Amino acid sequence: MRAEAGPSVGLHPELVPPALQRIEQAGSEALTSMRHMVGMLRDADGEVTLTPLAGIGEVRTLVEEFSAVGGARARLELEGTLDDLPVEVSTTAHRVVMEALTNVRKHAHGCTEARVCVDRSADGVTVRVSDDGRPRHVSQSGFGLKGLAERVGLIGGDVQAGPVTAGGWGVEATLPVSPAASPAKAVAS
């Protein structure tokens, strides 16, 4: 049995360097995030300063790069004031979009479009990513959505994933603008 792959590197060698840069960036972000998490677990009473690695401003780049790789295209809709978000909210929103678009690429068979909506309200930010594809067999052993739910939960948010009414799959995360508890206290309780 032969696994399906994305666009052929032989046909699009110019896509390799940007893809490798995204992989390197994602690895660096994951490592830094893990260091912050370990720091929070070690010293639940202390303040942890989180440095934004990638936030709302970089969501546009994620969407553009998703479309540039080929296959499905992605559309971005930004609503409300997003430039004054707490760093935990901004970086978590970015991570939601990154994970959801990764899942679209891996699991949405026949997908022609992914839609990314980031909407700011008075009390929170809602991040929605949906596609028009058909889900391939999804392994229950993955940690992507489970890890995302844990990350969103650390700042007092909630994430849902499943089929959408118009067909395809959707991920929706609701992130509080003023987290009910600091990440360190959420872990400790």
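Just so it is clear, the structure is predicted and the values come from calculations on it, not from any experiment.

1. Let's talk about the overall build of the chain
- For the chain, the count of helices and strands is five helices and seven strands.
- In the chain, buried positions account for 33% of the 189 residues.

2. Notes on the sheet that holds strand β7 (residues 169–176)
- With respect to topology, five strands assemble into an open sheet ordered β1-β3-β4-β7-β6, the strand pairing being mixed. Taken across any chain shown, the strands that pair with only one partner, and hence form the sheet edges, are β1 (73–79) and β6 (158–163). Going across the sheet, the axis of each strand differs from the next one's by a mean of 10°, ignoring polarity.
- Strands in contact with helix α3 (residues 87–107) are β3 (113–120), β4 (124–131) and β7; relative to β4, the strand with the most contacts, it is inclined by about 10°.

3. So, the pairing of β6
- Examined bridge by bridge, β6 and β7 share six bridges and lie antiparallel to one another. Note on β7: the bridge partner recorded for G162 is G170.
- From the end of β6 to the start of β7, which pair antiparallel, there are five residues, and G167 there has a positive phi angle of about 100°.

4. A word on the nonpolar core
- Counting 33 residues, the largest nonpolar core has V97, L101, V116, V127 and L175 as the members making the most contacts within it.
- For this core, the secondary-structure elements that each account for two or more residues are α2 (56–69), α3, β3, β4, α4 (144–154) and β7.
- Leave out the neighbours within four places in its chain, and V116 touches V59, V63, R75, L76, E77, V97, L101, R128 and V129.

5. Overview of the packing of α2 against α3
- Between α2 and α3, whose axes approach to 9 Å, the crossing angle comes to 10°. Judged on the interaxial angle alone, α3 and α2 are roughly parallel. From α2, I56, E58, V59, L62, V63, F66 and V69 reach across to α3, where they touch S90, A93, H94, V97, M98, L101, V104 and R105.
- Split into classes, the residues belonging to the contact of α2 with α3 amount to 11 nonpolar, two polar and two charged.

6. Thoughts on the side chain of R120
- One can find R120 in strand β3.
- Among the residues examined, R120 registers a relative accessible area of 19% and is labelled buried.
- Engagement of the side chain of R120 in a polar contact is seen with the backbone oxygen of T81, the distance being 2.9 Å.
- When neighbours within four sequence positions are excluded, R120 is seen to be in contact with E79, G80, T81, L82, D84, L85, V125 and V177.

7. Overview of the packing of aromatic side chains
- Throughout the structure, instances matching the rule amount to zero aromatic pairs.
- Geometry around F66 places R105 over its ring, the cationic atom sitting 4.0 Å from the centre.

8. With respect to the confidence of the model for the chain
- Confidence in the prediction for the chain averages 79 pLDDT; 75% of positions are at 70 or higher.
- In this model residues 179–189 is a low-confidence stretch, pLDDT under 50, and it forms 14 contacts with partners more than four residues away in sequence or in other chains.

9. Looking at the pattern of salt bridges
- Going through the model one piece at a time under the given rule, you end up with six salt bridges.
- Across the pair E113 and R73 runs a salt bridge, and its minimum N-O distance is 3.4 Å. With E113 in strand β3 and R73 in strand β1, the pair connects residues that are 40 residues apart, well separated along the chain.
- Take R73: its relative accessible area is 48%, and that puts it in the partly exposed class.
- Across the salt bridge formed by R75 and E77, the nearest N and O atoms sit 3.6 Å from each other.
- Residue E77 is classed as partly exposed on the basis of its relative accessible area of 25%.
- Via salt bridges that share partners, R73, R75, E77, E113 and R115 belong to a single interconnected network.

10. Considerations on the environment of D131
- Within the secondary structure, D131 sits in strand β4.
- Spatially, the C-alpha atom of D131 lies 9.3 Å from that of A166, the residues being 35 residues apart in sequence.
- Once residues within four sequence positions are removed from consideration, D131 is found in contact with V104, A108, C111, E113, A114, V164, G167, G168 and W169.
- Within polar-contact distance, the side chain of D131 engages the backbone nitrogen of G133 at 2.8 Å.

What counts as what
Residues numbered from 1 in each chain as written. Predicted model: local features only at pLDDT ≥ 70, side-chain atom pairs only at ≥ 80, totals over all residues. Heavy atoms only, no water. Helix = DSSP H or I, 4+ residues; strand = E, 2+ residues; numbered from the N terminus. Buried < 20%, exposed > 50% of the residue type's maximum accessible area, 1.4 Å probe, protein only. Pairing = 2+ DSSP bridges. Axes fitted to C-alpha atoms, helices over the stretch in contact; angles between N-to-C directions. Contact = heavy atoms within 4.5 Å. Core = buried A, V, L, I, M, F, W, Y, C linked by side-chain atoms within 4.5 Å. Parallel < 35°, antiparallel > 145°, perpendicular 65-115°, else oblique. Nonpolar A, V, L, I, M, F, W, Y, C, P; charged D, E, K, R; others polar. Polar contact = N/O pair within 3.5 Å; in protein donor to acceptor, adjacent residues only side chain to side chain. Phe/Tyr/Trp six-rings, centres within 6.5 Å; stacked < 30°, edge-to-face > 60°. Lys NZ or Arg CZ within 6 Å of the ring centre and 35° of its normal. pLDDT = per-residue confidence, 0-100. Salt bridge = Lys/Arg side-chain N within 4 Å of Asp/Glu carboxyl O.

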